[in-house]
Amino acid sequence: MAIAEIKPGIYYVGAKDYDRRLFDELIPLPDGTTYNSYIVLGSKKTALIDTVDGTKFHILLANIKKSPIKTIDYLISNHSEQDHSESLVKLIELYPDAKVVTNTKGKEHLMVHLHIPEDKFIVKDDGETLSLGDKTLEFIEAPWVHWPETMFTLAKEDKIIFTCDFFGTHLARSETFVTDEGKTYESAKRYYAEIMMPFRKLVQKHLKKLENYDFDMIAPSHGPVHNNTKFIIDAYKDWTSDEVKNEVVLPYVSMHHSVKEMVEYFTEALIERGINVIPFNLAVTDLGELAMALVDSATLVLGTPAVLTGAHPAAIYAVYLANAIRPKIKYASIIGSYGWKCQLPGQIVDMLTRINPELIDPVIVRGKITEEGLKKLDDLADKIAAKHRELGILK
Ligand code: FEO
């Protein structure tokens, strides 16, 4: 795999994983991913910033050998999750004089997860620096994006900030830099929704903190490098803002068409009232797309039949994930159908503890929907429209 000099003396030596289709055995990766690793070659010392997933160590090693460095003095760990740290173990064997540089929390994590001995570490906490001769690295703590130990590394003279997962994308492309901002925006939004959104308030804080630093390139550890830093920072500011959009996200599952019929009617009812709707058939949907839709929307409405009196398992799974990623939705409701008995609203409401939206009266009908049921769906659409008007997002 090719290496790339992204600024004088700074090399991309990471690995691209075009074929990976699942992360954490959970997150869909329609565009694969990359594990970015960077060499910073100073006049006196050399550092490697983040490593790669253990499955791609051979690529990292081949790339290091293609680079002009003779040895590695410092292995910088911005984040101890294994997709960036796993190869540290083999690198320590190959470069026994190298020290692992991370913060106090990062050291604790790496000792626990990878059994790296304590004497291998140099601890650098927030604001501390490390000289490589003519290049200086500064460490900026940024906890909880998305683990407690996460930090950024700033190459001060070169004005590059290495942010690991932050500003990352699961997007494997042969190009080192962003070339297609539309595609990158979509991938970055998906990544934000799945990984960063649970920590939205902290992300806001970190974005503010970054205003104090001088950089003109963002080099994350997944996906392409950002030359246009404003593009990705503005996108993050938008996604993390407290504003919501005039949208209803409508994940649903239907077994015998009753819920499907309700969803189709309700979708039209919302559109007629000037509200955008994003329906997802949970039997076939990519849950990453659902996560992305939840970044901005004001309202979540779940459509489900009753299965053994509770919600359909696909609906429960989607609600569990939605609650875990903590979108900023303001309102929620449920539409559903049951055969003989159901405990639908209570079961779902009890699962939304991390979001705590205002519940708008659900519409649960028995069997196939009737004219009276359709009228209730119209009433629900009216109530959502009124709520969106109160927020000022619907004229
Ligand atoms: Fe890409 Fe949190 O690891």
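From a predicted model like this one, the values you see are computed outputs, not experimental measurements. (Residues numbered from 1 in each chain as written. Predicted model: local features only at pLDDT ≥ 70, side-chain atom pairs only at ≥ 80, totals over all residues. Heavy atoms only, no water.)

**Q** How should I be thinking about the overall build of the protein in this particular structure?
**A** Tallying secondary structure elements over the protein gives 12 helices and 23 strands in all. Projected onto the principal axes, the alpha-carbon positions of the protein cover approximately 80 × 40 × 35 Å. For the protein, with 395 residues in total, the buried portion stands at 58%. Restricting the contact set of the protein to residue pairs at least 6 apart, pairs at least 24 apart contribute 72%. Carbon and sulfur atoms form 52% of the exposed surface of the protein, whose accessible area is close to 16500 Å². Here the protein contributes 46 positive and 56 negative side-chain charges, whose respective centroids are spaced 1 Å apart. (Helix = DSSP H or I, 4+ residues; strand = E, 2+ residues; numbered from the N terminus. Buried < 20%, exposed > 50% of the residue type's maximum accessible area, 1.4 Å probe, protein only. Contact = heavy atoms within 4.5 Å. Areas by Shrake-Rupley, 256 points an atom, 1.4 Å probe, with all protein chains shown as cover. Lys, Arg positive; Asp, Glu negative; His and termini not counted. Charge placed at Lys NZ, Arg CZ, Asp CG, Glu CD.)

**Q** What is the right way to look at the domain arrangement of the protein in this model?
**A** By a widespread convention, an interface's size corresponds to the accessible area lost as its parts come together. One can read the domain layout of the protein as domain 1 (4–240) and domain 2 (248–391). The centre of domain 1, based on its C-alpha atoms, is set 38 Å off from the matching centre of domain 2. Tallying the contact residues gives 15 residues for domain 1 and 17 residues for domain 2. Summing both sides of the interface, domain 1 and domain 2 together bury roughly 1200 Å²; the carbon and sulfur share of this comes to 61%. (Domains from an automatic or database assignment. Buried area = accessible area lost by both parts, 1.4 Å probe.)

**Q** I'm lost on the side chain of His 222 in this one. Help?
**A** Its location among the elements puts His 222 in the loop between β16 (217–220) and α7 (229–240). Within polar-contact distance, the side chain of His 222 engages the side chain of Thr 33 at 3.3 Å. Of the polar contacts made by the side chain of His 222, one reaches the side chain of Asp 83; its length is 3.0 Å. Residues within four places of His 222 in sequence aside, it is in contact with Thr 33, Thr 34, Tyr 35, Asn 36, Asp 83, His 84, Cys 164, Asp 165, Gly 168, Thr 169, His 170 and Tyr 191. (Polar contact = N/O pair within 3.5 Å; in protein donor to acceptor, adjacent residues only side chain to side chain.)

**Q** Sorry, what's going on with the sheet that holds strand β12 (residues 129–131) here?
**A** Sheet strands pair via backbone hydrogen bonds, and the direction of the pair is either parallel or antiparallel. Judged by pairing direction, the sheet is mixed, and its 5 strands sit side by side in the order β12-β13-β14-β15-β16 without closing on themselves. Two strands lie at the open edges of the sheet, namely β12 and β16, each paired on one side alone. With strand direction ignored, the average angle separating the axes of adjacent strands in the sheet is 20°. Bridge count between strand β15 (residues 160–164) and β16: 4 bridges; the pairing is parallel. Within the sheet, the bridge partner assigned to Cys 164 lies in β16 and is Pro 220. (Pairing = 2+ DSSP bridges. Axes fitted to C-alpha atoms, helices over the stretch in contact; angles between N-to-C directions.)

**Q** Would you explain the nonpolar core in this entry?
**A** Taken as a class, soluble globular proteins show a tendency for nonpolar side chains to be buried jointly. Ranked by internal contacts, the top residues of the largest apolar core, which has 55 residues, are Phe 166, Phe 167, Met 196, Tyr 236 and Leu 294. Counting only domains with at least three residues in this core, you end up with domain 1 (4–240) and domain 2 (248–391). Not counting the four nearest positions on each side in its chain, Tyr 236 is found in contact with Phe 166, Phe 167, Gly 168, Tyr 192, Met 196, Val 203 and Leu 207. (Core = buried A, V, L, I, M, F, W, Y, C linked by side-chain atoms within 4.5 Å.)

**Q** Is there a simple way to explain the packing of helix α6 (residues 200–210) against α7 in this structure?
**A** For any two helices packed against each other, the geometry is given by the interaxial angle and the distance between the axes. Remark: α6 packs on α7, axes separated minimally by 10 Å, with the N-to-C direction vectors making an angle of 145°. For the element pair α6 and α7, the recorded crossing hand is left-handed. Between α6, through Arg 200, Val 203, Gln 204 and Leu 207, and α7, the contact on the second element is made entirely by Tyr 236, Lys 237, Trp 239 and Thr 240. Here the contact of α6 with α7 is composed, by residue class, of 4 nonpolar, 2 polar and 2 charged. (Left-handed = near helix turned anticlockwise from the far one by under 90°. Nonpolar A, V, L, I, M, F, W, Y, C, P; charged D, E, K, R; others polar.)

**Q** Before we go on, may I ask you to explain the packing of aromatic side chains in this structure?
**A** Here the distance between the centres and the angle between the planes together describe a pair of aromatic rings. Counting across every chain of the model gives 11 aromatic pairs. With a centroid separation of 5.2 Å and 70° between ring planes, the pair formed by Phe 166 and Tyr 236 is classed as edge-to-face. Taken together, the positions of Phe 166 in the loop between β15 and α5 (181–196) and Tyr 236 in helix α7 put the pair 70 residues apart, joining distant regions of the chain. According to the relative accessible area criterion, Tyr 236 is buried, its value standing at 0%. Pairwise contacts between aromatic rings join Phe 152, Phe 166, Phe 167, Tyr 185, Tyr 192, Tyr 236 and Trp 239 into one cluster. (Phe/Tyr/Trp six-rings, centres within 6.5 Å; stacked < 30°, edge-to-face > 60°.)

**Q** Help me understand the packing of α5 against helix α9 (residues 287–294) in this model?
**A** Viewed as axis vectors pointing N to C, α5 and α9 meet at an angle of 85°, and their least axial separation amounts to 8 Å. Relative to α9, α5 is oriented roughly perpendicular. Mapping the contact onto sequence places Glu 186, Lys 189, Arg 190, Ala 193 and Glu 194 in α5 and Gly 288, Glu 289, Ala 291 and Met 292 in α9. A class-by-class count of the residues in the contact of α5 with α9 yields 3 nonpolar, 1 polar and 5 charged. (Parallel < 35°, antiparallel > 145°, perpendicular 65-115°, else oblique.)

**Q** Can you help me understand the environment of Gly 274 in this one?
**A** Structurally, the position occupied by Gly 274 is in the loop between α8 (258–272) and β18 (276–281). Of the residues examined, Gly 274 reaches a relative accessible area of 37% and is grouped as partly exposed. Leave out the neighbours within four places in its chain, and Gly 274 touches Asn 246 and Leu 394.

**Q** Even after reading the chapter, I still don't get helix α4 (residues 104–114), so can you show me in this structure?
**A** The periodicity of an α-helix, 3.6 residues per turn, causes residues three or four positions apart to be oriented the same way. Taken together, the buried positions of α4 are occupied by Gly 106, Lys 107, His 109, Leu 110 and Leu 114. Mapping the buried residues of α4 onto a view down its axis gives an arc of 165°, with all of them on the same face. Among the structural elements, α2 (82–85), α3 (88–94), β10 (99–102) and β11 (121–123) are those in contact with the buried residues of α4. With its phi angle positive at about 60°, His 115 sits one or two positions after the end of α4. (Arc of directions from axis to C-beta.)

**Q** When you look at the pairing of strand β13 (residues 136–141) in this model, what are you seeing that I'm missing?
**A** Within a regular beta strand, the side chains point alternately toward one face of the sheet and then the other, so they alternate between its two faces. Here β13 lies mainly inside the structure; 5 of its 6 residues are buried. Pairing between β12 and β13: 3 bridges, direction antiparallel. Note that in β13 the partner of Ser 131 across the bridge is Thr 136. Connecting the antiparallel pair β12 and β13 is a turn made up of 4 residues, with Gly 133 showing a positive phi of about 105°. As paired strands, β13 and strand β14 (residues 151–155) are joined by 5 bridges and run antiparallel to one another. Residue pairing for β14: Glu 138 is matched across the bridge by Leu 154.

**Q** Quick question: what am I supposed to make of the environment of Leu 171 here?
**A** By secondary structure assignment, the location of Leu 171 is in the loop between β15 and α5. It is 9.0 Å that separates the C-alpha atoms of Leu 171 and Asp 17, two residues lying 154 residues apart in sequence. Among residues more than four places away in sequence, those in contact with Leu 171 are Asp 31, Gly 32, Thr 33, Thr 34, Lys 183, Thr 184, Ser 187, Gly 223 and Pro 224.

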